[in-house]
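# Examination of the molecular architecture
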Amino acid sequence: MENSVINNKSLTFLERYLNNASPTGYESEGQKIWLDYITPYVDKTFTDTYGTAVGVINPDAKYKVVIEGHADEISWYVNYISEDGLIYVIRNGGSDQIIAPSKRVNIHTKKGIVKGVFGWPAIHTRLRGKTVEDAPKIETIFIDCGCETKAEVEELGVHVGCVITYPDEFMILNESKFVCRAIDNRMGGFMIAEVARLLKENNKTLDFGLYIVNSVQEEIGLRGAQMIAHNIKPNVAIVTDVCHDTSTPMIDKKIEGDLKIGKGPVVAYAPAVQNNLRDLIVDTAVDQKIPFQRNALSSQTGTDTDAFAYSNAGVASALISLPLRYMHTTVEMVAKEDVENTIKLIYETILKIENDDSFSYFK
């Protein structure tokens with residue numbers, strides 16, 4: 001395979017896909033973009049009741065292998081509108097109130113996008129009479145959309161339950177780093193789509209069914225993966241998500257492990273990870289000279305791997321993570337080289353999987 005797997009067409013897709021908002025529970029527009037891109041590379045596509053999108057290669061095969069990422073991004077919900085027209089919020093997923101003040105937002109309504117900002121008092125007014133500054137809290141952050149009253153806000157189409165996202169868009173730093181909100185984990189959806197593209201363009205045939213799965217609602221408890229695992233009933237699942245670059249400030253490597261962007265995809269060690277499948281992935285990385293890192297995850301991976309592994313009668317599952325800086329912010333950052341190496345590792349592993357019980361615990 002060529003060294004660079006991301007071409008101009010796929011980069012254009014990545015930018016469009018990341019820039020589109022796909023908050024948890026409202027992923028449909030992003031899924032349309034993803035399905036449109038992947039359709040030429042698969043034999044069949046479908047979506048389930050809640051919007052998980054799937055492309056299938058060789059759909060009539062009995063033996064089924066899943067490669068999976070999740071499509072949703074963290075966001076906010078409108079929770080309360082004050083009489084003077086300020087909007088208070090609750091989380092939809094793991095949104096961080098610390099980064100909210102001074103951020104611009106999009107409020108999604110049936111009338112279209114309503115613009116707003118997370119307002120915050122000036123530093124010299126916040127500190128008067130205090131020795132320690134109060135940190136932003138869920139109950140103190142608020143959105144100002146330029147209205148004077150609750151009625152004005154409602155006239156714009158904003159109501160309790162409207163979802164709120166950040167408009168921050170894709171950029172490339174130093175020709176080597178991808179930066180955007182929602183790289184966790186739409187980069188996973190991008191990478192598995194690229195695997196499908198490479199299989200098609202390289203005329204590879206498989207003797208099993210390959211299900212390229214872009215799940216919804218991971219950020220609120222792996223819900224999309226739980227549903228689609230019972231729908232597909234796969235024999236094998238390789239999940240991709242993100243993990244922390246622990247070289248960044250304020251992260252303790254003794255707790256989070258020693259991982260860094262630019263040093264390759266991260267192979268997980270955890271009870272939910274099936275040992276033989278993980279060993280196949282590691283052996284593939286070694287054979288193909290793909291750099292990789294290792295990460296121990298204790299009782300749970302905290303990713304869709306857990307949902308697949310413990311579904312049905314048990315599914316041989318593994319996790320390949322992409323090291324990421326600044327998780328759950330609007331400037332999530334990954335290395336282009338890691339993205340390409342993760343694509344290569346999944347692609348080469350797929351080519352080594354056989355249509356049999358090779359991932360049985362006792363074999």
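For the structure itself, look to the data block above.
Summary of the structure given here. Just so it is clear, the model here is predicted, and its values are computed rather than measured. (Residues numbered from 1 in each chain as written. Predicted model: local features only at pLDDT ≥ 70, side-chain atom pairs only at ≥ 80, totals over all residues. Heavy atoms only, no water.)

This next bit is on the environment of A182. Along the chain, A182 falls in the loop between β11 (177–180) and α5 (183–201). When the C-alpha positions of A182 and S22 are compared, they lie 8.5 Å apart, and in sequence the two are 160 residues distant. Not counting the four nearest positions on each side in its chain, A182 is found in contact with L18, E73, M187 and E332. (Helix = DSSP H or I, 4+ residues; strand = E, 2+ residues; numbered from the N terminus. Contact = heavy atoms within 4.5 Å.)

The six strands lie next to each other as β4-β5-β8-β7-β6-β9, forming a closed barrel whose pairing is antiparallel. Within the sheet, the average angular offset between the axes of one strand and its neighbour, ignoring direction, is 45°. Pairing of strand β4 (residues 75–81) with strand β9 (residues 163–165), which is carried by two bridges, proceeds in the antiparallel orientation. Bridge pairing links Y77 to V163 in β9. (Pairing = 2+ DSSP bridges. Axes fitted to C-alpha atoms, helices over the stretch in contact; angles between N-to-C directions.)

Between two packed helices, what matters for the description is the angle formed by their axes and the separation of those axes. Put simply, helix α1 (residues 8–19) and α5 touch, their axes get as near as 10 Å, and they point 150° apart. Between α1 and α5, the interaxial angle falls into the category roughly antiparallel. The handedness of the crossing between α1 and α5 comes out as right-handed. Only I183, R186, M187, F190, A193, E194 and R197 of α5 make contact with α1, whose side of the interface consists of S10, F13, L14, Y17 and L18. Classifying every residue of the contact of α1 with α5 by side-chain character gives eight nonpolar, one polar and three charged. (Parallel < 35°, antiparallel > 145°, perpendicular 65-115°, else oblique. Left-handed = near helix turned anticlockwise from the far one by under 90°. Nonpolar A, V, L, I, M, F, W, Y, C, P; charged D, E, K, R; others polar.)

With that out of the way, let us pick up the pairing of strand β15 (residues 293–296). Taking every second residue as pointing to the same face, the buried face of β15 carries Q293 and N295, while none of R294 and A296 on the other face is buried. Pairing analysis gives four bridges linking strand β14 (residues 266–269) to β15, with the strands arranged parallel. Its bridge partner lying in β15, V266 is registered against Q293. Each parallel crossover has a hand, and the one from β14 via helix α8 (residues 275–287) to β15 is right-handed. (Buried < 20%, exposed > 50% of the residue type's maximum accessible area, 1.4 Å probe, protein only. Right-handed = clockwise from strand over helix to strand, strands pointing away.)

Leftover empty space is mapped by rolling, across the atoms, a probe with the size of a water molecule. A complete count under the given rule lists one cavity of 30 Å³ or more for this structure. Taken together, 16 residues line the largest cavity, and the ones lying closest to its centre are E73, I74, Y166, R181 and T329. Each residue belonging to the lining of the largest cavity can be placed in one class, and the counts come to five nonpolar, five polar and six charged. (1 Å grid on protein atoms, 1.4 Å probe; cavity = no way out; pocket = protein on both sides within 12 Å on 5 of 7 lines; lining within 4 Å. Points joined across faces, edges and corners; volume = space filled by probe spheres on them.)

For the largest pocket, the calculated volume is near 380 Å³. Around the largest pocket sit 24 residues that line it, and V242, C243, H244, L297 and T301 are the ones nearest its centre. Elements represented by at least two residues in the lining of the largest pocket include exactly β13 (236–244), α7 (253–256), β15 and β16 (316–324). Counted by class, the lining of the largest pocket contains eight nonpolar, eleven polar and five charged residues.

Time to look at the packing of aromatic side chains. By convention here, two paired aromatic rings are described through the distance between centres and the angle between planes. Applying the stated criterion to the full structure yields ten aromatic pairs. Summarising the aromatic geometry, the rings of F13 and Y37 are spaced 3.9 Å apart at their centres and angled 0° between planes, so their arrangement reads as stacked. Of this pair, F13 sits in helix α1 while Y37 sits in helix α2 (residues 28–38), and the two are 24 residues apart along the sequence. Comparing F13 with Y37, the two get one shared label, buried. A network of ring pairs unites the aromatic residues F13, Y17, Y37, Y41 and F190 as a single cluster. Over the ring of Y166 we find K103; its NZ or CZ atom is 5.8 Å from the centre of that ring. A cation over a ring is seen here: R186 above Y17, with NZ or CZ 5.6 Å from the ring centre. (Phe/Tyr/Trp six-rings, centres within 6.5 Å; stacked < 30°, edge-to-face > 60°. Lys NZ or Arg CZ within 6 Å of the ring centre and 35° of its normal.)

Right, let's talk about the sheet that holds β16 for a bit. Within the open sheet, the eight strands sit side by side as β1-β2-β12-β3-β13-β16-β14-β15. Their pairing is mixed. The open sheet is flanked by β1 (44–47) and β15, the only strands paired with a single partner. Adjacent strand axes in the sheet meet at a mean angle of 25° when their direction is disregarded. Lying over the sheet, α5 contacts β2 (53–57), β3 (64–70), β12 (209–215), β13 and β16, oriented at roughly 145° with respect to β3. On top of the sheet, helix α10 (residues 336–352) reaches β3, β12, β13 and β16; it is set at about 165° to β16, its chief contact.

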